[in-house]
Amino acid sequence: MQTQHIVRSYDADLKYLASRIAAMGGHAERMVEQAVQALVTSDLGLARKVVEDDAVLDEGQREVDEKAIIVIAKRQPMADDLREIIGAIRISGDLERVGDLGKNIAKRVVAVTETQQPLRLFRGLEALAELALTQLKEVLDTYASRSTDRIQFVRDRDDQIDAMYTSLFRELLTYMMEDPRNITACTHLLFCAKNIERIGDHATNIAETVYYIVTGLQMPPERPKEDKSHKVMLEDMVDD
Amino acid sequence: MDIHGAGEGVRQRLLSARWVLAAAVAGIALVAIEAGADYRIAVGASLAVIAVAAFAPRRSLRERRAEREAEANRPAMGSITAEALAAAVSDPLVIFDRQAAVIHVNSVCAVAFPGLSIGTSLPLRFRAPEMQELIAKALTHGQPISIDYSEKVPVERFFRVNVSPVGDGGDLFAMIFRDQSEIRRIDRMRADFIANASHELRTPLASVAGFIETLRGPAKNDPAAREQFLQIMQAQTARMARLIDDLLSLSRLEMKPYLNPAERVDLKPLIEGVIDALNPLAEDSGVRIDANLGADPLVVGGSRDELIQVFENLLENACKYGRSGGLVEISVIHPGQQNGIDVSVRDHGPGIPEEHIPRLTERFYRVDVETSRGQKGTGLGLAIVKHILTRHKARLTVSSRSGEGATFTVHFPPPNS
């Protein structure tokens, strides 16, 4: 928004949308962080707080949607303004989903901590969460600065997250095979890991939206890749 | 100068001249009595002397002029710019306006929060709910407020953040970040150290305790068994000592993960030194170390001791786990100032299965626990390497294929990035 509009309240509207997105982003980052922390430290109080906090994000998304629709109706935006507004709608949707995934992790804290779990179960999950959070932060920083220099890093990091997830998948399977009493906790942890991996995907989506807002072009299509956990089978594991 | 101040000055002057004045008055009284003059003349003369003492200037003209000049030359607050003042503040400082857009950042802040440039909207950069609230409150109330703020990624940092309005107009605000990370980290380090150490030390400790029991009981009178057990016990205690060394150096590194050392180091002699030191180990493992470092000096910014630790760990790992390959190569790939410097360590051993690669730098993560223990590994070597490289803004990449050995590449950024 380097240039100004003749109607100054139009600028104020666009600025308001951007600041709402930033606030939602902050909330989403905090929720994911606290959900994983609650999981690792078995902090049920913190988990409950995360679950309640999700309402803030839902409210934020509704607000952004309404505001965006009013701006479109009143100002008939064109070009980068229109992209800005549509981008805000999309990003708020992604952030709301990130919040849901964080909430889902927090909900599982009760089930995971029901039985005492060794710390090694959480180490990989913590590392995975750190990668996803770094990615989310970088993407939201990119949104704040409107520069596309670092967009490529976001995709590289997504590859790292997928590799880490696949590794974690195998590790958790091993624990389940070692001792069937681990199955409850490990299954929940598996879902938690999947949720974190999905958060990474949403961050990538946001990166693509930011790229579109800034350049007006779609981000160049990605080479085909995915996490390889769908190929992990019991037979491979037994061979190891 | 107000009247009270003037009175104070006169009193001071009279006080400092009290003995001279007393002598003068006594002299006048004596002369008046001797001469038999009217007592009123004597009183008038005394008052005149006191009045002169109270008001006549006592310093020379030159002295007074020098003083006035010094007064004029003393630097006044108005002579420095706001930028200079901000630059002198040793904590990150941001000046922002009513729209919460950045007006100025000092140089410390530019290092601590890269990406904060003039015009950036603060709530977009600091998205944490408490920061949003802080900025909103400061803008509406115009009162100084402080909060605690933490960032988790890329490195964990804790700040005490203070916002206060600047000047009377209320249009500009100053935000100062006081770094509290180190204090928090010392606490964390203590807790982590106890958790890790107790977990990892338990195994060797249990084995030592078991042997002591055997030595005092069943093997009491068996010299051959005693010798063998003592040997095992020595190996176990040596392992515990190594573990503690590694934990301590890791904890030291974690204290200051974001301070990048500024010394200039030539990697070439450094790596050659490390190879010399490791040659005995390599010979024991039946491995040859081949160095291909090129002819040019390889200068990077960093700390010599820490970089030695990096290459020691990488080469030691290559010798231990790649021993079946018989050859370890260390080479420089892009000796170009623009692209930075890549140093890679390659072994020809069994390689590392793909699923383990992303997690190698986690503490106590081992691909194969038994092999690692057999090779006197503590599970912390690569965690230390990663921490040191993060401090140097360098990256470690690992590539490997089963059966074809592994390559550990250290990428140093170009000097001025």
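The following paragraphs examine the structure supplied in this document.

Reading the values: the criteria
Throughout this document, residue positions are counted from 1 along each chain, in the order its sequence is written. Here the convention is simple: chains get letters from A, ligands get numbers from 1, in the order in which they are written. Note on the predicted model: pLDDT of at least 70 is required for a residue's local features to be given, and 80 or more for side-chain atom pairs to be given and counted; whole-chain, interface and lining totals, by contrast, use all residues. By convention in this description, side-chain values take in all heavy atoms of the structure and omit both hydrogens and water. Only DSSP runs of H or I covering at least 4 residues are called helices, and only runs of E covering at least 2 are called strands; the numbering of each starts at the N terminus. Between the two quantities, the radius of gyration covers C-alpha atoms and the globule rule is 2.2 Å times the number of residues to the power 0.38. Note on classification: 1.4 Å probe, protein chains only; a residue is buried when its accessible area is under 20% of the maximum for its type, exposed when over 50%, partly exposed between these limits. Contacts are residue-level and defined by heavy atoms, with any inter-residue pair within 4.5 Å sufficient. Exposure was quantified through the Shrake-Rupley algorithm and a 1.4 Å probe, taking into account, for residues, occlusion by the shown protein chains and nothing else. Here the positive residues are Lys and Arg and the negative ones are Asp and Glu; neither His nor the chain ends is included. Throughout, a charge is located at the NZ atom of Lys, the CZ atom of Arg, the CG atom of Asp or the CD atom of Glu. Take the accessible area each of two parts loses on contact, using a 1.4 Å probe, and add the two losses: that sum is the buried area. Only one rule defines a salt bridge in this text: a Lys or Arg side-chain nitrogen within 4 Å of an Asp or Glu carboxyl oxygen. Pairing of N or O atoms within 3.5 Å defines a polar contact, subject to two protein rules: one partner must be a possible hydrogen donor and the other a possible acceptor, and residues neighboring in sequence count only if both atoms are side-chain atoms. Under the scheme applied here, ten amino acids are nonpolar (Ala, Val, Leu, Ile, Met, Phe, Trp, Tyr, Cys and Pro), four are charged (Asp, Glu, Lys and Arg), and all others, including Gly, are polar. Centres within 6.5 Å are what make two rings of Phe, Tyr or Trp a pair, Trp counting through its six-membered ring; a difference in plane orientation under 30 degrees is then read as stacked, over 60 as edge-to-face, and the rest as tilted. Residues are said to line a cavity or pocket when one of their atoms sits within 4 Å of a point; the points come from a 1 Å grid over protein atoms alone, cavities being sets where a 1.4 Å probe fits but cannot get out and pockets being open sets with protein on both sides within 12 Å along at least five of seven lines. Grid points are joined across faces, edges and corners, and a volume is the space filled by probe spheres set on the points. Strand pairing requires that DSSP identify at least two bridges connecting the strands. Axes here mean lines fitted to C-alpha atoms, for a helix over just the part in contact, with angles spanning 0 to 180 degrees between N-to-C directions. In this description, a nonpolar core means a group of buried Ala, Val, Leu, Ile, Met, Phe, Trp, Tyr and Cys residues linked to one another through side-chain atoms lying within 4.5 Å. A patch consists of residues whose relative accessible area exceeds 30% and which take part in no salt bridge; residues with like charges are grouped when within 9 Å of each other, and nonpolar side chains (Val, Leu, Ile, Met, Phe, Trp, Tyr) when within 5 Å. Orientation categories follow fixed angle ranges, with anything under 35 degrees roughly parallel, anything over 145 roughly antiparallel, 65 to 115 roughly perpendicular, and all other angles oblique. A clockwise turn of the near helix away from the far one marks a right-handed crossing, whereas an anticlockwise turn of less than a right angle marks a left-handed crossing.

### Some details on the overall build of chain B
Secondary structure summary: chain B contains 14 helices and twelve strands in total. For 417 residues, the compact-globule estimate of 2.2 N^0.38 gives 22 Å, and the C-alpha radius of gyration of chain B, at 38 Å, exceeds that figure by more than 25%. On the principal axes, the C-alpha backbone points of chain B span a range of 125 × 65 × 50 Å. Taken across its 417 residues, chain B has 38% of its residues classed as buried. At a minimum sequence separation of 6, the contacts of chain B that also span at least 24 residues come to 60%. Here chain B displays about 23,800 Å² of accessible surface, and carbon together with sulfur accounts for 57% of that area. Within chain B, the 50 negative side-chain charges are centred at a point lying 5 Å from the centre of the 48 positive side-chain charges.

### As for the interface of chain A and chain B
Opposite the 27 residues of chain A that make contact, chain B presents 22 residues. Buried area between chain A and chain B, summed over both chains or domains, comes out near 2,200 Å², and the portion from carbon and sulfur atoms is 57%. Our count for the contact surface shared by chain A and chain B stands at three salt bridges. Glu29 of chain A is paired through a salt bridge with Arg127 of chain B; the nearest N and O atoms lie 3.1 Å apart. At the surface where chain A touches chain B, the tally comes to four residue pairs in polar contact (both at pLDDT 80 or more). Secondary-structure elements contributing two or more residues to the side of chain A that touches chain B are helix 1 (8-41), helix 4 (120-145) and helix 5 (151-178) of chain A. Of the residues forming the side of chain A that touches chain B, the biggest block, ten residues, is contributed by helix 4 of chain A. Here the residues of the side of chain A that touches chain B sort into ten nonpolar, six polar and eleven charged.

### Remarks on the packing of aromatic side chains
Taken as a whole and assessed by the stated rule, the structure comprises nine aromatic pairs over all chains. Ring centres of Tyr165 of chain A and Phe169 of chain A lie 6.2 Å apart, and the angle between their planes is 65°; on these two criteria the pair is classed as edge-to-face. With Tyr165 of chain A and Phe169 of chain A both in helix 5, this residue pair falls four residues apart, about one helical turn. Like Phe169 of chain A, Tyr165 of chain A is buried. Seen in terms of ring centroids, Phe126 of chain B and Phe177 of chain B are 5.4 Å apart; in terms of plane orientation they differ by 35°. Their pairing is tilted. Residue Phe126 of chain B is located in the loop between helix 7 (122-125) and helix 8 (129-141), and its partner Phe177 of chain B is located in strand 5 (residues 172-179); the two are separated by 51 residues in the primary sequence. Across the pair, Phe177 of chain B and Phe126 of chain B agree in class, each one buried.

### Section: empty space enclosed by the protein
Here the structure, examined in full by the defined rule, presents two cavities of 30 Å³ or more. Within this model, the largest cavity holds a volume of roughly 190 Å³. For the largest cavity, the lining is made up of 15 residues, of which Glu29 and Glu33 of chain A together with Tyr149, Ser150 and Glu151 of chain B are closest to its centre. If you list the elements that add at least two residues to the lining of the largest cavity, you get helix 1 and helix 4 of chain A together with strand 3 (145-151) of chain B.

### Describing the sheet that holds strand 3 of chain B
Residues and elements named next belong to chain B. Taking strand neighbours across the sheet as the criterion, the five strands line up as 2-1-5-4-3 in an open arrangement whose pairing is antiparallel. At either margin of the open sheet sits one strand with a lone partner, and together these are strand 2 (102-105) and strand 3. Each strand of the sheet is rotated relative to its neighbour by a mean of 25°, with strand direction disregarded. By the bridge criterion, eight bridges tie strand 4 (residues 157-166) to strand 5 in an arrangement that is antiparallel. What sits directly across from Val166, in strand 5, is Leu172.

### Details of the pattern of salt bridges
A side chain with one charge may pair with a side chain of the opposite charge, provided their charged atoms come close. All chains considered together, the criterion is met by 20 salt bridges over all chains. Between Arg98 of chain B and Asp171 of chain B there is a salt bridge; the shortest N-O distance is 3.7 Å. Of this pair, Arg98 of chain B sits in the loop between strand 1 (93-97) and strand 2 while Asp171 of chain B sits in the loop between strand 4 and strand 5, and the two are 73 residues apart along the sequence. Judged by relative accessible area, Arg98 of chain B falls into the partly exposed class, the value being 40%. In this structure, Arg288 of chain B and Asp290 of chain B form a salt bridge, with 3.0 Å as the shortest nitrogen-oxygen distance. Through salt bridges with shared partners, a single ionic network connects Glu29, Lys137 and Asp141 of chain A together with Arg127 of chain B.

### Considering the nonpolar core
A general feature of soluble globular proteins is that nonpolar side chains tend to end up buried together. Ranked by internal contacts, the top residues of the largest apolar core, which has 73 residues, are Leu39, Ile91, Leu95, Leu125, Leu128, Leu189 and Ile196 of chain A. Secondary-structure elements contributing two or more residues to this core are helix 1, helix 2 (44-75), helix 3 (79-113), helix 4, helix 5 and helix 6 (183-215) of chain A. Looking at this core element by element, the count peaks at 15 residues for helix 1 of chain A. Setting aside its immediate chain neighbours within four residues, Leu125 of chain A contacts Leu39, Leu168, Leu189, Cys192, Ala193 and Ile196 of chain A. One finds Met233, Leu314, Ala383 and Val410 of chain B within the second-largest nonpolar core, a separate group that totals 56 residues.

### Quick notes on the sheet that holds strand 9 (residues 327-332) of chain B
All names here are of chain B. With respect to topology, five strands assemble into an open sheet ordered 7-9-10-12-11, the strand pairing being mixed. Of all the strands in the sheet, the pair left with one neighbour each is strand 7 (288-292) and strand 11 (395-400). Each strand of the sheet is rotated relative to its neighbour by a mean of 15°, with strand direction disregarded. Of the pairings in the sheet, the one linking strand 11 to strand 12 (residues 406-412) comprises six bridges and is antiparallel in character. If you follow Val398 over to strand 12, its bridge partner there is Phe408. The strands touched by helix 11 (residues 267-285) within the sheet are strand 7, strand 9, strand 10 (341-347) and strand 12, with strand 7 carrying the most contacts at an inclination of about 170°. Together, strand 11 and strand 12 form the strand contacts of helix 14 (residues 381-391), whose direction differs from that of strand 11 by roughly 140°.

### A look at a nonpolar patch on the surface
Residue and element names in this part refer to chain B. Nonpolar side chains collect at one region of the surface, where Val25, Tyr39, Val43, Leu47 and Ile50 lie side by side and expose about 460 Å² of accessible area between them. It is helix 3 (residues 39-55) that provides the largest number of residues to the nonpolar patch, a total of four residues. Looking at where Ile50 falls in the secondary structure, it is placed in helix 3. A residue is classified by how much of its surface remains accessible, and Ile50, at 31% relative accessible area, is partly exposed.

### Thoughts on unusual backbone geometry
Look at Ser42 of chain A: it is not a glycine, yet its phi comes out positive at around 55°. Following the sequence through the fold, Ser42 of chain A ends up in the loop between helix 1 and helix 2. Positioned with a positive phi, Ala100 of chain B is a non-glycine residue whose angle comes to about 60°. Tracing the sequence through the fold places Ala100 of chain B in the loop between strand 1 and strand 2. Overall, Ala100 of chain B belongs to the buried group, its relative accessible area being 3%.

### Considerations on the packing of helix 10 (residues 223-255) of chain B against helix 14 of chain B
Residues and elements named next belong to chain B. Interaxial distance between helix 10 and helix 14 falls to 10 Å at its minimum, and their mutual angle equals 20°. Classed by the angle they form, the pair helix 10 and helix 14 counts as roughly parallel. Judged by the sense of rotation from one axis to the other, the crossing of helix 10 with helix 14 is left-handed. In this structure, helix 10 uses Asp246, Ser249, Leu250, Leu253 and Glu254 to contact helix 14, whose residues at the interface are Ala383, Ile384, His387, Ile388 and Arg391. Among the residues forming the contact of helix 10 with helix 14, the class breakdown is five nonpolar, two polar and three charged.

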